[in-house]
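# Survey of secondary and tertiary structure
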Amino acid sequence: RRLAAAAEAASKAKNNTEKPKPAKPVASGSSILASSPEDAKLSSSFLGSRGRMQKPAQGIITQGFGQQKFNNVTIFNPGINIKTAPGANVYAVYGGKVSKVIYLVNSYTIIIRHGEYFSIYSKLKNASVAAGQEVTARQSIGTVATDITEDLTEMQFQIWKGGTPVNPSGWISQ
């Protein structure tokens, strides 16, 4: 029976004179993230604030963006690390919508979407926002965790455009 059904389907396909519909183009890069007018406006506004955003936490930058060499090992840091006081508040650098709140390796990571841009806040003790929530610039979103194995209170801050990390140092006012 299966052979007969397959032969019949092949015959119908052969006699089909209908032209196939062209495939819809697939968006590349981060353009799909700015596909609505609201997202495009938010992306433009976020970009226009470059260099004027406040740091997400008070403290000093202890590790910069990019390649970092430790002894014989080279790693890539997709953000900056900020050393701060235990329990220090972490603030959204710009208004947007919380995409994810993730608990991983004894700390929280919060991802906020700003059109085609994302700001990422890691190594948090707690999160005071939830996925889907709209946040404003300088709104407290959590507190910094202390790594007891290293006796270090530090958070990591990243900015991504679509799937590409960008150096956040140029985005925040020093």
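The text that follows walks through the structure, step by step, so that each part is easy to find. The structure displayed is predicted, hence computed values, not measured ones. (Residues numbered from 1 in each chain as written. Predicted model: local features only at pLDDT ≥ 70, side-chain atom pairs only at ≥ 80, totals over all residues. Heavy atoms only, no water.)

### Some points on the overall build of the protein
Scanning the protein from N- to C-terminus turns up two helices and 13 strands. Relative to its 174 residues, the protein shows a buried fraction of 35%. A separation of at least 24 residues holds for 60% of the contacts in the protein among residues at least 6 apart in sequence. Approximately 10900 Å² of the protein is accessible, and the part contributed by carbon and sulfur atoms is 54%. (Helix = DSSP H or I, 4+ residues; strand = E, 2+ residues; numbered from the N terminus. Buried < 20%, exposed > 50% of the residue type's maximum accessible area, 1.4 Å probe, protein only. Contact = heavy atoms within 4.5 Å. Areas by Shrake-Rupley, 256 points an atom, 1.4 Å probe, with all protein chains shown as cover.)

### A short note on the nonpolar core
Membership of the largest hydrophobic core comes to 25 residues, with the highest contact counts inside it found for Ile-110, Ile-112, Tyr-121, Ile-141, Met-155 and Phe-157. Among the secondary structure elements, those contributing two or more residues to this core are β4 (80–83), β7 (107–114), β8 (117–127), β10 (140–144) and β12 (152–161). If sequence neighbours within four positions are ignored, Ile-112 has contacts with Ala-92, Gly-96, Lys-97, Val-98, Ser-99, Tyr-117, Phe-118, Ser-119, Tyr-121, Val-135 and Ile-141. (Core = buried A, V, L, I, M, F, W, Y, C linked by side-chain atoms within 4.5 Å.)

### Observations regarding the pattern of salt bridges
Side chains that differ in charge, positive against negative, can pair when their charged atoms come close. Taken as a whole and judged by the stated rule, the model has two salt bridges. Taking the shortest distance from any N to any O, the salt bridge between Glu-154 and Lys-123 comes out at 3.4 Å. Residue Glu-154 is found in strand β12, and its partner Lys-123 is found in strand β8; the two are separated by 31 residues along the sequence. You can call Glu-154 buried: its relative accessible area is 9%. (Salt bridge = Lys/Arg side-chain N within 4 Å of Asp/Glu carboxyl O.)

### With respect to unusual backbone geometry
Trans peptide bonds make up the majority, and among non-glycine residues the majority have a negative phi. One non-glycine residue, Asn-106, lies in the positive phi region at around 60 degrees. As for its placement among the helices and strands, Asn-106 is situated in the loop between β6 (96–104) and β7. The phi dihedral of Arg-138 falls on the positive side, at around 70 degrees, and the residue is not glycine. Inspection of the secondary structure assignment puts Arg-138 in the loop between β9 (134–135) and β10.

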